[in-house]
Amino acid sequence: MADLLGSILSSMERPPQVGDQESRRKAREQAARLKKMQEHEKRQKVEFRKRMEKEVSEFIQDSAQTKKKFQPMGKIERSILHDVVEVAGLTSFSFGEDEESRYVMIFKKEFAPCDEELEAYRKGEEWDPVKAEERKRLKEQAQKEAEADALRGPSCVNPNTDYKDKYSHLIGKMAAKDAAHTLQANKAYGCVPVANKRDTRSIEEAMNEIRAKKRLKHDDGESASGTS
């Protein structure tokens, strides 16, 4: 009986201690504060969205405005604004280097920015349509001139001086002139004297003539030695 009573008492939960009660109280307070913060943040988002819807609606009704720049805002606010703009049928972009300076610009559909305008905003520059049109015109003109030069082909280059004048102090003017007339281009062997090109003898005929000249010279030498 005593064992049964002891087992029943041991299975029962012990009454909470003072420390446990304090911990549970702090947990309940923290949960209440968190819930309150979440509700406050939710109300802020709702109020911010209503304010953005009002500003976007006024922007649409103002025919003089084609674009609108908002002050820098956080990531959540930018997301809400982008959503409002999309629902309204407009176009929006975020610009700025770092998170603290990023802002949103909205545009009416019929005045959507071109690539050059977006690039200017990304660089932190003001968009000037007059200067942009002038740059575009100069770029197109340069491209047309380049195409015209390509169609004309390479231009003939005329040297300022003649090569004979350049080397006349080395070989003389007459020698340079004669060399220019004497040498002619040969596709197989390059430049050779014209006189060599007129020699139509075969190699064997040329060698026979050389041998005959050597024998004649040799015979003349022996005749001269016999006479002496």
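Predicted model, so just to flag it, every value in this text is computed and none were measured.

## Some remarks on the overall build of the chain
In step 1: In terms of helices and strands, the chain carries 9 helices and 5 strands.
In step 2: Counting from the amino terminus, the chain carries its helices and strands in the arrangement α-α-β-α-β-β-α-α-α-α-β-β-α-α.
In step 3: Counting every position in the chain, which comprises 228 residues, the buried fraction comes to 14%.
In step 4: Taking contacts inside the chain between residues at least 6 apart in sequence as the whole, the part at least 24 apart equals 44%.
In step 5: With an accessible surface of roughly 19500 Å², the chain has 54% of that area assigned to carbon and sulfur atoms.

## Considerations on the side chain of Glu 117
In step 1: Considering the arrangement of structural elements, one finds Glu 117 in helix H4 (residues 115-122).
In step 2: Take Glu 117: its relative accessible area is 9%, and that puts it in the buried class.
In step 3: Beyond its immediate stretch of four places on either side in the chain, Glu 117 contacts Lys 67, Phe 107 and Trp 127.

## With respect to the pairing of strand S3 (residues 103-107)
In step 1: In terms of residue burial, S3 counts as a mostly covered element, since 5 of its 5 residues are buried.
In step 2: Neither face of S3 is open: one carries Tyr 103, Met 105 and Phe 107, the other Val 104 and Ile 106, and all of them are buried.
In step 3: Direction of pairing for strand S1 (residues 67-69) relative to S3: antiparallel, over a ladder of 3 bridges. Within the sheet, the bridge partner assigned to Lys 68 lies in S3 and is Ile 106.
In step 4: As judged from the 5 bridges shared by strand S2 (residues 91-95) and S3, these two strands associate in the antiparallel manner. By the bridge assignment for S3, Ser 92 is matched with Ile 106.

## A word on the sheet that holds S3
In step 1: On the basis of which strands lie adjacent, the open sheet formed by 3 strands has the order S1-S3-S2 and antiparallel pairing. Among the strands making up the open sheet, the edge pair consists of S1 and S2. Neighbouring strand axes in the sheet, compared pairwise and without regard to direction, differ in orientation by 20° on average.
In step 2: Packing against the sheet, helix H3 (residues 75-88) makes contact with S2 and S3, and its axis sits at approximately 160° to S2.

## Considerations on the side chain of Arg 78
In step 1: With respect to the secondary-structure elements, Arg 78 resides in helix H3.
In step 2: Among the residues examined, Arg 78 registers a relative accessible area of 7% and is labelled buried.
In step 3: Apart from residues lying up to four places away in sequence, Arg 78 is in contact with Met 73, Ser 94, Glu 99, Arg 102 and Val 104.

## Brief notes about the nonpolar core
In step 1: Membership of the largest hydrophobic core comes to 13 residues, with the highest contact counts inside it found for Met 52, Val 56, Phe 70, Leu 81, Val 85, Leu 90 and Ile 106.
In step 2: For Leu 90, the residues in contact, after removing those within four places along its chain, are Val 56, Phe 59, Ile 60, Val 85, Ile 106, Phe 107, Lys 108 and Lys 109.
In step 3: Judged by nonpolar contacts, the second largest core, of 9 residues, contains Phe 95, Tyr 103, Phe 107 and Ala 132.

## Brief notes about the pattern of salt bridges
In step 1: Under the counting rule described, the total for this entry stands at 11 salt bridges.
In step 2: With a closest N to O distance of 2.2 Å, Glu 22 and Arg 25 form a salt bridge. Placement of the pair is Glu 22 and Arg 25 together in helix H2 (residues 18-61), with a separation of 3 residues, close to one helical turn.
In step 3: For Glu 22, a relative accessible area of 34% gives the class partly exposed.

## Points about helix H5 (residues 129-152)
In step 1: Compared with an ideal rise of 1.5 Å per residue, which puts 24 residues at 34 Å, H5 spans 35 Å between its outermost C-alpha atoms and is within 8% of the ideal.
In step 2: For H5, the capping residue at the N-terminal end is Asp 128, with a side-chain oxygen 3.1 Å from the backbone nitrogen of Val 130.

## Describing H3
In step 1: Over its 14 residues, H3 extends 20 Å from the first C-alpha to the last, a length consistent with the 20 Å expected when each residue adds 1.5 Å.
In step 2: Along H3, the residues classified as buried are Arg 78, Ile 80, Leu 81, Val 84 and Val 85. The buried residues of H3 occupy one face: seen down the axis, they fall within an arc of 160°. When the buried face of H3 is taken as reference, the exposed residues oriented beyond 90 degrees from it are Lys 75, Glu 86 and Val 87.
In step 3: Backbone geometry just downstream of H3 places Gly 89 in the positive-phi region, at approximately 80°.

## A few points about a nonpolar patch on the surface
In step 1: A contiguous nonpolar surface patch, about 300 Å² in accessible area, is contributed by Ile 203, Met 207 and Ile 210.
In step 2: Relative to the helices and strands, Ile 203 is located in helix H9 (residues 203-227).

Conventions adopted
- Residues numbered from 1 in each chain as written.
- Predicted model: local features only at pLDDT ≥ 70, side-chain atom pairs only at ≥ 80, totals over all residues.
- Heavy atoms only, no water.
- Helix = DSSP H or I, 4+ residues; strand = E, 2+ residues; numbered from the N terminus.
- Buried < 20%, exposed > 50% of the residue type's maximum accessible area, 1.4 Å probe, protein only.
- Contact = heavy atoms within 4.5 Å.
- Areas by Shrake-Rupley, 256 points an atom, 1.4 Å probe, with all protein chains shown as cover.
- Pairing = 2+ DSSP bridges.
- Axes fitted to C-alpha atoms, helices over the stretch in contact; angles between N-to-C directions.
- Core = buried A, V, L, I, M, F, W, Y, C linked by side-chain atoms within 4.5 Å.
- Salt bridge = Lys/Arg side-chain N within 4 Å of Asp/Glu carboxyl O.
- Expected span 1.5 Å × (residues − 1).
- Polar contact = N/O pair within 3.5 Å; in protein donor to acceptor, adjacent residues only side chain to side chain.
- Arc of directions from axis to C-beta.
- Patch = residues over 30% accessible without salt bridge, like charges linked within 9 Å, V, L, I, M, F, W, Y side chains within 5 Å.

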